[in-house]
Amino acid sequence: MNGGKRTKTIISAVFACSALLTAAACGSADTQSSAVKAAPAGLMSPSGMPADPSQEPGGMADLEKAGAAAMAAVEGSTILSVQAENDGRLWEVQLAEPAGTERVLEVDSSGKVVSEPRVKDTGEGEKARVMGIIKDAKITFQDAVEKVSSAMPEGKITHLSLDRYNNDMLVWDGDVVSPDGAWQGVKVDAKTGTVTKNG
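The following refers to the structure shown. Computed from a prediction, not measured in an experiment: that's the story for all the values here.

Observations concerning the environment of L160
Point 1. Here L160 shows up in strand 5 (residues 156–164).
Point 2. Apart from the residues lying within four places of it in its own chain, the contact partners of L160 are L80, S81, V82, F141, A144, V145, V148, W172, D173 and G174.

Now the structure itself:
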């Protein structure tokens, strides 16, 4: 009889301990879940400290490295456009030589050129147009990156190109994605440096 009571007491104790451990684990999971939800997407580093968006893949630092590497690969060139691929882990860069010949290459996020510069086949009319763009632009690629980044400090530039638009206006046209995934268009007047947003 006493043996039966002892067995029931042990079983009851085991169930009670299991219930306490389960409750503690659930509470811990809820707390962790709340902590994760409270962190703004894209703005926290793995250490839990706020991250600098410019240092993330596709950030301003990667964009500037990509531009510098591309210009070094095609000596004397001017950047016409930069396009992010694979979430900014790769950049397609289009450049123009002084005579208007266009070249395209890819640069990874570390600043390493990963493809040979390829000649973009254009006619003499397009070469002359490109030479005019290069001559008229007073705002450089680096200047445009800084201006777009200042206008959208938490965003990532995914595309930036130099071209003429409405009324023959020469602009650096940028696409920026904010931490919440929203798109924003930003234009920089390539003669005056004036920044306008749209989208």
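Having seen it, we continue.
Describing the nonpolar core
Point 1. If you look at the biggest cluster of nonpolar residues, it comprises 30 residues, and the most contacted ones within it are V93, F141, L160 and W172.
Point 2. Residue assignment for this core shows that the elements contributing at least two residues are helix 2 (60–73), strand 1 (78–85), strand 2 (90–96), strand 3 (102–108), helix 4 (141–151), strand 5, strand 6 (170–177) and strand 7 (183–189).
Point 3. If sequence neighbours within four positions are ignored, F141 has contacts with L63, G67, I79, V82, L160 and W172.

Notes on the packing of helix 2 against helix 4
Point 1. At a minimum axis distance of 11 Å, the contact between helix 2 and helix 4 shows a crossing angle of 170°. Relative to helix 4, the element helix 2 is oriented roughly antiparallel. Between helix 2, through M60, L63, E64, G67 and M71, and helix 4, the contact on the second element is made entirely by F141, Q142, V145, E146 and S149.
Point 2. Classifying every residue of the contact of helix 2 with helix 4 gives five nonpolar, three polar and two charged.

Topic: the sheet that holds strand 3
Point 1. Pairing within the open sheet is antiparallel, and its eight strands lie in the order 4-3-2-1-5-6-7-8. Two strands bound the open sheet, and with one partner strand each, they are strand 4 (118–120) and strand 8 (195–198). Going across the sheet, the axis of each strand differs from the next one's by a mean of 25°, ignoring polarity.
Point 2. Relative to strand 8, strand 7 runs antiparallel, the two sharing four bridges. Paired with V188 across the strands is V195, a residue of strand 8.
Point 3. Contacts from helix 2 reach strand 1, strand 2, strand 3 and strand 5, with the element oriented near 45° to strand 2.
Point 4. Each of strand 1, strand 2, strand 3, strand 5 and strand 6 touches helix 3 (residues 124–136); the most contacted strand, strand 5, lies at about 110° to it.

Notes on the pattern of salt bridges
Point 1. Evaluation of the coordinates by the stated rule reveals ten salt bridges.
Point 2. Sharing partners across several salt bridges, the network here consists of E126, R129 and D163.

Remarks on the environment of D62
Point 1. Within the fold, D62 resides in helix 2.
Point 2. In this structure, the C-alpha to C-alpha distance between D62 and R89, residues 27 residues apart in sequence, is 8.5 Å.

Some remarks on the packing of aromatic side chains
Point 1. The tally for this structure, following the rule as stated, stands at one aromatic pair.
Point 2. Residue placement shows K187 over the ring face of Y165; its charged tip is 5.5 Å from the ring centre.

Quick look at the pairing of strand 6
Point 1. Within strand 6, six of the eight residues are buried, which leaves the element mostly enclosed by the surrounding structure.
Point 2. Of the pairings in the sheet, the one linking strand 5 to strand 6 comprises eight bridges and is antiparallel in character. Among the inter-strand pairings, H159 is bridged to a residue of strand 6, identified as D175.
Point 3. Linking strand 5 back to strand 6 in an antiparallel pair, the connection comprises five residues, with N167 at a positive phi of about 55°.

About the cut-offs
Every chain begins its residue count from 1, and numbering advances along the sequence as written. Predicted model: local features are reported for residues with pLDDT of at least 70 only, side-chain atom pairs are reported and counted for 80 or more only, and whole-chain, interface and lining totals are derived from all residues. With hydrogens and water stripped out, all remaining heavy atoms of the structure feed into the side-chain values. What counts as a helix is a DSSP run of H or I of at least four residues, what counts as a strand is a run of E of at least two, and both are numbered from the N terminus. Any two residues whose heavy atoms approach within 4.5 Å are treated as being in contact. We define a nonpolar core as any set of buried Ala, Val, Leu, Ile, Met, Phe, Trp, Tyr and Cys residues linked to one another through side-chain atoms lying within 4.5 Å. Each residue is assigned to one of three classes by its accessible area relative to the maximum for its type, calculated with a 1.4 Å probe on protein chains only: buried under 20%, partly exposed between the two thresholds, exposed over 50%. To get an axis, fit a line to the C-alpha atoms, keeping to the stretch in contact for a helix; angles then go from 0 to 180 degrees between the N-to-C directions. Note on angle classes: values under 35 degrees are labelled roughly parallel, values over 145 roughly antiparallel, values of 65 to 115 roughly perpendicular, and the remainder oblique. Gly falls in the polar group here, along with every residue not listed as nonpolar (Ala, Val, Leu, Ile, Met, Phe, Trp, Tyr, Cys, Pro) or charged (Asp, Glu, Lys, Arg). Whether two strands pair depends on DSSP finding at least two bridges between them. Basic side-chain nitrogens of Lys or Arg form a salt bridge, by our definition, when they fall within 4 Å of a carboxyl oxygen of Asp or Glu. Here the aromatic set is Phe, Tyr and Trp, taking the six-membered ring for Trp, and pairing holds for ring centres within 6.5 Å; pairs whose planes are under 30 degrees apart are stacked, those over 60 apart are edge-to-face, and all others are tilted. Here, a charge over a ring is recorded when the distance from Lys NZ or Arg CZ to the ring centre is within 6 Å and its angle to the ring normal is within 35 degrees.

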